[in-house]
Amino acid sequence: MIERWSRDQVLALAPDASSQKAAQGVAAPGKWSLRGAMDTVLYGECKGSGAKPYLACVDLTEPAYRCSCPSRKFPCKHALGLLLMWSADEVPASETAPQWVTEWMEGRAERAAKSAARIEAARARATTEAAAETPDQTAEVPDSPATSGTPTSDGPTSGGTGSGGVAPGGTASGGTAGAGARSQVGTPGEAASGGDTWTGAASDEGMPDGAVPSRTGSGGVAPAGTGSGGAVSGGAGSSKAAVSAGAGAESVRHGRVASGLAEVERWLADQVRQGLAGAAEHDWDGLAKRLIDAQAPGVAGIVSRLSRVRAEDDWPGRLLEEYALINLLAVAYRRRAELPRPLAQTVLIRAGFPIPREEVLAGVAIRDHWDVLGRRDEEQDRLTARRVWLRGRRTGRAALILSFAPQGQPLDASLVTGTTIDADLTYYPGAAPLRALVATRHGIVSSTGPRTGPLTGHGVAGSAGRETVPPTGGGTASLTGHGAAASVGRGTASFAGGSSTPSAAAGAGVLKVPPGVSAEEALDEVARVLAEDPWTEAWPLVLAGVVPERDSIGGLPLHPRARDPWRLIAVSGGRPLTVAVEWSPQGLRPLTTWDDEGTAVIL
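What you see is a predicted model, and the numbers here were worked out from it, not measured in a lab.

Draft legend 1. Looking closely at the overall build of the protein. Regarding its fold elements, the protein presents 16 helices and 21 strands. Within the protein, the proportion of its 603 residues that are buried is 57%. Taking as baseline every contact in the protein between residues at least 6 positions apart, the subset at least 24 positions apart corresponds to 69%. Surface exposure of the protein reaches about 22,800 Å², of which carbon and sulfur atoms provide 53%.

Draft legend 2. Structural context of the confidence of the model for the protein. Of the residues in the protein, 70% reach a pLDDT of 70 or more, and the chain-wide mean stands at 73. In the predicted structure, residues 452-507 sits below a pLDDT of 50 and forms 155 contacts with residues beyond four places in sequence or in another chain.

Draft legend 3. Quick peek at the packing of aromatic side chains. One pass over the full model with this rule turns up 4 aromatic pairs. Consider the rings of Trp 267 and Tyr 323, whose centres lie 5.7 Å apart with planes at 80 degrees: the pair is edge-to-face. Of the two residues, Trp 267 sits in helix H7 (residues 240-274) while Tyr 323 sits in helix H11 (residues 315-334), which places them 56 residues apart along the sequence. No difference in accessibility class separates Trp 267 from Tyr 323, as the two residues are buried. Above the ring of Trp 104, the side-chain terminus of Arg 108 is found at 5.4 Å from the ring centroid. Of note, Arg 310 hangs over the ring of Trp 315, and the distance from its end group to the ring centre comes to 3.7 Å.

Draft legend 4. The arrangement of the pattern of salt bridges in detail. In total, this model carries 26 salt bridges according to the counting rule given. For Lys 114, the salt bridge goes to Glu 110, with nearest N and O atoms at 3.5 Å. Within this pair, Lys 114 and its partner Glu 110 are both found in helix H4 (residues 99-132), separated by 4 residues, close to a single helical turn. By relative accessible area, Lys 114 is classed as partly exposed at 47%. The residue Arg 318 makes a salt bridge to Glu 321 at a minimum N-O spacing of 3.8 Å. Of the two residues, Arg 318 and Glu 321 both sit in helix H11, 3 residues apart, roughly one turn of that helix. Judged by relative accessible area, Glu 321 falls into the partly exposed class, the value being 44%. Each of Asp 59, Glu 62, Arg 108 and Arg 441 takes part in one network of salt bridges that share partners.

Rules of the game
- Residues numbered from 1 in each chain as written.
- Predicted model: local features only at pLDDT ≥ 70, side-chain atom pairs only at ≥ 80, totals over all residues.
- Heavy atoms only, no water.
- Helix = DSSP H or I, 4+ residues; strand = E, 2+ residues; numbered from the N terminus.
- Buried < 20%, exposed > 50% of the residue type's maximum accessible area, 1.4 Å probe, protein only.
- Contact = heavy atoms within 4.5 Å.
- Areas by Shrake-Rupley, 256 points an atom, 1.4 Å probe, with all protein chains shown as cover.
- pLDDT = per-residue confidence, 0-100.
- Phe/Tyr/Trp six-rings, centres within 6.5 Å; stacked < 30°, edge-to-face > 60°.
- Lys NZ or Arg CZ within 6 Å of the ring centre and 35° of its normal.
- Salt bridge = Lys/Arg side-chain N within 4 Å of Asp/Glu carboxyl O.

This is the structure we're talking about:
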């Protein structure tokens, strides 16, 4: 049986406050005519307003939900109520389940098997295509994102919410381009496979600071492999004619983007010459619209947020910072042919060049035990963005799982804060991998105790060692610093060291509290991130042995909107503790802490 979640963890799954209240109303054994718990499944029949009871079922490994009620919320109050009773040990164990439960689970297993087969087939095609390319062809046509997403050993990789994150201490540079994906909306149907569902135009432009990596544009980029920086979205199996046609279309787009960013450089020069006080909101709105017309939605997103920066108390310094970063991006785009390939990819991502989700899933998968550190939802206009932060126990890699949905529609709730999952993640390509998709889930890892491990050597930038993977997705990956070796086959890395694979260690479990770092080590990690990607807007950290105060944690300042964290201070009681935070240039946002018994407390 999977370890019971706390009440906080269950209520955090609710789509809104009204669902939390309604769930507590049905979380009473007397309202359920049937309840049962198997190893990874909860089920029950709840009395409703009709003659027949509502049939509710929860697969704890995702989690995934099913209920026969007509509610459009996800998960509904019945599924949440069942989880609340389970967390309170009020659901009896059962050896067998009703037929409707087994049929649902069998259907889920069948769909998961088909999805895994499609991913493996895509990886095989990408590997075959990469092996078949000659050097001359590679020089003429930029690599597809499906093959370029493979990590390389070009140096320490780091990044931010936009272009992806750092594999601490110089991990592989092929990973997520954590871009805010346009034409992307997270839906409950994606919970089973993990990741985002591409269901329509859902722009992330103009999201509040830290809400989504809006500096990035379309969620990905086709690599810049030529002097002109031409980006191609030809995935595995693309014909030469299709790739050539795609390259021609991208050349036209590059011309438009270059023209738009040249205008941005002139506009910024005028702004600095005339003085910051003369900036007006209509100027920014007009420039953002022109950048959209120039097919540079990533830069347009940054410009559209400047009006909110102008409203802050310290707006002169903040506005000048934003102007500098926009100018840096425009110059980097103009000179992208001179940049290292991974950095050129990041620049294109920031400008707003897209990459299909399927190509990301076809890339190299990193298997690890991933701690779900916390999540944060932000609303802007008619869109809600959810960012979920993960950290690998063995690799020390950070990951961002990003999903979107129109306001009022359910978001992906498949990752439970405070749990540890055994999963394969594939990263978006770029110089600084952070944003990722959950390609395959192998289950939730059990916990062994409340205490955390050493403060260093796990998840610390520079201590996790260096990871190298051949560009074709085959060969051997080595993890130094942990005494571990990793073999990569068909694009999936299986880590060894202490146990043969993460799944082999799952039986023994992991410590409840994730390993953390000191405040000084956290600052070193952020410095490396910013060195790789100066446009970084957010980064997950786990601080250990720190004492929270009203305006700081371990001496690091809190974000102005996160000050006076009374719940965190209450859990601490003046004593050092471990806390997961989201770093941003404006300060830290607390996400989760752990009490003396190792129970996750969501902040």
